[in-house]
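Notes for the structure review
Residues per chain, in single letters:
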Amino acid sequence: MKFGIGLEEAGAPKKVMNEWKSFDFKQRINQIISLPVYVCNDDTAACSAELSFGNPARFTDFLYIFIGTFIGGGVVINETLFTGKKGNAGAIGSLPRPVLNSEGQLTSQQLIMQSSLYILEKMLKDDGYNTDIVWSSKEYWGDLGPVLDKWIDQVADGLAYAALCSLAIFDFEAIVIDGAIPINVREKIVLATKLKLSQADHRGIYRCAVQSGSIGAKAQSIGCANLPLIINFSQDNISLSHN
């Protein structure tokens with residue numbers, strides 16, 4: 001869970017969020033089982049699933065993006081999962097970007113507040129929709145009308161910005177987009193992101209491929225199950241919290 005977000009975005013009481021912040025997963029799980037416990041950012045885990053079981057184009061370097069309740073990501077460099085010193089590499093949800101506020105003044109807003117599923121839920125509620133379908137199904141959302149189209153455009157705008165920022169820092173081959181969303185919605189996001197990137201200023205940086213992930217909504221859980229395999233049976237030099 002991404003504890004850097006505000007209480008309003010999480011939709012949870014302050015007391016509950018504070019309890020989760022101090023909750024020691026490793027310690028509690030070790031009280032139940034006597035096996036090694038590995039702790040990892042959820043979207044880094046999803047990235048590991050794409051690297052190990054997906055990535056049909058065999059990209060060696062890519063930025064992975066997972067659209068869930070809160071958007072996040074992971075990084076692959078030289079065919080290896082790169083976690084960073086603190087294990088949070090690819091945390092694009094925290095990427096600030098310039099926006100205009102309601103008064104027309106230029107300010108900044110993190111990507112998590114623009115391109116996450118909880119934003120779609122809020123938009124649908126404001127328009128009178130029942131939002132249960134967003135959380136109960138990852139295969140089919142039905143007709144959500146222009147609200148969904150607006151959200152997709154908003155998400156793609158944020159992803160194009162994140163892609164350009166990442167390309168300016170590391171020369172990625174590709175941006176791989178997946179999420180806990182229906183395939184048809186994901187494909188629309190990919191196409192919209194491609195279009196926005198094609199119209200962006202690329203002076204000084206190379207263009208990259210933009211494609212869909214191949215694991216889908218279960219990427220986080222599959223990636224978590226994959227972590228012990230990577231750590232114990234591969235040569236990948238990744239840093240995870242473990243005992």
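These lines cover the structure that appears in this document, whether it is placed above or below.

Reading the values: rules and limits
- Residues numbered from 1 in each chain as written.
- Predicted model: local features only at pLDDT ≥ 70, side-chain atom pairs only at ≥ 80, totals over all residues.
- Heavy atoms only, no water.
- Disulfide = S-S within 2.5 Å.
- Buried < 20%, exposed > 50% of the residue type's maximum accessible area, 1.4 Å probe, protein only.
- Pairing = 2+ DSSP bridges.
- Helix = DSSP H or I, 4+ residues; strand = E, 2+ residues; numbered from the N terminus.
- Axes fitted to C-alpha atoms, helices over the stretch in contact; angles between N-to-C directions.
- Parallel < 35°, antiparallel > 145°, perpendicular 65-115°, else oblique.
- Left-handed = near helix turned anticlockwise from the far one by under 90°.
- Contact = heavy atoms within 4.5 Å.
- Nonpolar A, V, L, I, M, F, W, Y, C, P; charged D, E, K, R; others polar.
- Phe/Tyr/Trp six-rings, centres within 6.5 Å; stacked < 30°, edge-to-face > 60°.
- Lys NZ or Arg CZ within 6 Å of the ring centre and 35° of its normal.

We now examine the state of the cysteines. By the definition in use, this model includes zero disulfides. Cysteine 208 carries a free sulfur, and the closest cysteine sulfur to it, the one in cysteine 165, is 12 Å from it. A relative accessible area of 17% means that cysteine 208 is categorised as buried. With no disulfide of its own, cysteine 224 lies closest to cysteine 40 among cysteine sulfurs, the gap being 6.5 Å.

What follows is about the pairing of strand E6 (residues 106–110). In this sheet, E6 lies alongside strand E5 (residues 96–100) in antiparallel orientation, the contact comprising five bridges. Residue proline 98 lies in a different strand from E6, and its bridge partner there is serine 108. Hairpin connection, E5 to E6: the antiparallel pair is bridged by five residues, and glycine 104 has positive phi, about 80°.

What follows covers the packing of helix H5 (residues 117–126) against helix H7 (residues 145–169). Packing of H5 against H7 leaves a shortest axis separation of 10 Å and a crossing angle of 150°. When the interaxial angle is binned, H5 and H7 end up roughly antiparallel. Here H5 and H7 pass one another in a crossing that is right-handed. Together, Leu117, Ile119, Leu120, Met123 and Leu124 of H5 and Val147, Leu148, Lys150, Trp151 and Gln154 of H7 make up the contact between the two elements. Partitioning the contact of H5 with H7 into residue classes produces eight nonpolar, one polar and one charged.

Following the criterion strictly, the structure yields three aromatic pairs and no others. For the pair phenylalanine 70 and tyrosine 118, a centre-to-centre distance of 5.4 Å together with 55° between the ring planes defines the contact as tilted. Within this pair, whereas phenylalanine 70 is found in the loop between strand E2 (62–67) and strand E3 (72–77), its partner tyrosine 118 is found in helix H5, the two being separated by 48 residues in sequence. Residues phenylalanine 70 and tyrosine 118 agree in their burial class; the two are buried. An angle of 50° between the planes, with centres 5.0 Å apart, marks the rings of phenylalanine 170 and phenylalanine 172 as tilted. On the basis of relative accessible area, phenylalanine 170 is assigned to the partly exposed category, the value being 29%. Above the plane of the ring of tyrosine 161 lies arginine 97, whose end atom (NZ or CZ) is 4.8 Å from the centre.

So, about the sheet that holds E2. If you walk across this open sheet you meet the five strands as E4-E3-E2-E7-E8, and the pairing is mixed. Strand pairing shows two members of the sheet lacking a second neighbour, strand E4 (80–82) and strand E8 (209–212), which therefore form its edges. The mean inter-strand angle of the sheet, taken between neighbouring strand axes irrespective of direction, is 25°. Where strand E7 (residues 174–179) and E8 come together, four bridges link them in parallel fashion. Note on E8: the bridge partner recorded for valine 176 is glutamine 211. Sitting on the sheet, helix H8 (residues 183–198) is in contact with E2, E7 and E8, with an inclination near 170° to E8.

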